[in-house]
Amino acid sequence: MLIHTRVSGHIDIPIEQAWAFIRDIHTLPMWHVMVVEAKDVVGTFDQVGSTGTLVLKAPDGLHDFHIEVTRVEPHRLVTHVGQQVDGPMRYTTTVHYVPAGPGFDWTWEQDNEIPSGQPGPLGNETFMARLMEQGIRQSAENNKLLLEAMVPQPA
């Protein structure tokens with residue numbers, strides 16, 4: 001099954017100020033509700049070919065996902081793919097950034113590929129779609145709060 005999620009919002013700081021935090025793969029566990037750990041990271045989200053391992057929470061426990069950054073347009077777009085190390089799940093995440101007023105608008109799109117026939121809640125498409133949307137929305141809100149608190153605001 002393919003689950004597509006799209007969430008958008010606005011952050012009230014210039015993207016140029018937020019970029020150093022956004023591009024750091026190691027910061028994901030600070031704000032992403034499904035990321036427990038970022039390890040073995042080589043590079044950043046603004047370098048195509050950067051890699052790492054994310055330990056992600058799922059309804060059936062923790063799973064390692066090997067990630068690779070596949071597309072970057074600095075201050076505009078980042079795409080990375082993740083492949084489950086011990087299983088068949090895969091995802092692609094693209095986040096678009098657009099200057100808007102004193103801050104920027106963002107759109108986070110994610111496609112999760114989950115093979116059919118998975119046990120328990122992993123096999124329930126409605127549940128997984130809601131879970132992914134809720135996780136992305138909460139993560140995005142956490143990121144917004146953290147960025148707006150950490151980055152100096154214009155006077």
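Higher on the page you've got the structure.
Quick look at the structure, then. Small disclaimer: the values here were computed from a predicted structure and weren't measured. (Residues numbered from 1 in each chain as written. Predicted model: local features only at pLDDT ≥ 70, side-chain atom pairs only at ≥ 80, totals over all residues. Heavy atoms only, no water.)

**Some points on the layout of surface pockets**
Part 1 of the argument: The space that makes up the largest pocket amounts to roughly 720 Å³.
Part 2 of the argument: For the largest pocket, the lining is made up of 44 residues, of which His32, Tyr91, Thr93, Trp108 and Gln110 are closest to its centre.
Part 3 of the argument: Counting only elements with at least two residues in the lining of the largest pocket, the list comes to α1 (15-22), α2 (28-31), β3 (51-58), β4 (61-73), β5 (77-84), β6 (90-100), β7 (103-113) and α3 (125-150).
Part 4 of the argument: Residues of the lining of the largest pocket, tallied by class, amount to 30 nonpolar, 10 polar and four charged. (1 Å grid on protein atoms, 1.4 Å probe; cavity = no way out; pocket = protein on both sides within 12 Å on 5 of 7 lines; lining within 4 Å. Points joined across faces, edges and corners; volume = space filled by probe spheres on them. Helix = DSSP H or I, 4+ residues; strand = E, 2+ residues; numbered from the N terminus. Nonpolar A, V, L, I, M, F, W, Y, C, P; charged D, E, K, R; others polar.)

**A word on the packing of aromatic side chains**
Part 1 of the argument: With the rule as written, the count across this model stands at four aromatic pairs.
Part 2 of the argument: Residues Trp19 and Tyr97 carry aromatic rings whose centres are separated by 5.6 Å and whose planes lie at 85 degrees to one another, so their mutual orientation is edge-to-face. Here Trp19, found in helix α1, pairs with Tyr97, found in strand β6; they are 78 residues apart in sequence, far enough to count as distant.
Part 3 of the argument: A relative accessible area of 9% places Tyr97 in the buried class.
Part 4 of the argument: A ring pair is formed by Phe65 and Tyr91, whose centres lie 5.8 Å apart and whose planes are at 50 degrees; its orientation type is tilted. (Phe/Tyr/Trp six-rings, centres within 6.5 Å; stacked < 30°, edge-to-face > 60°. Buried < 20%, exposed > 50% of the residue type's maximum accessible area, 1.4 Å probe, protein only.)

**Things to note about the pattern of salt bridges**
Pairing of side chains with opposite charge becomes possible as their charged atoms draw close.
Part 1 of the argument: Counted according to the given criterion, the structure contains seven salt bridges.
Part 2 of the argument: Notably, a salt bridge pairs Glu148 with Lys144, separated by 2.9 Å at the nearest N-O pair. Of the two residues, Glu148 and Lys144 both sit in helix α3, four residues apart, roughly one turn of that helix.
Part 3 of the argument: Judged by its relative accessible area of 19%, Lys144 is buried. (Salt bridge = Lys/Arg side-chain N within 4 Å of Asp/Glu carboxyl O.)

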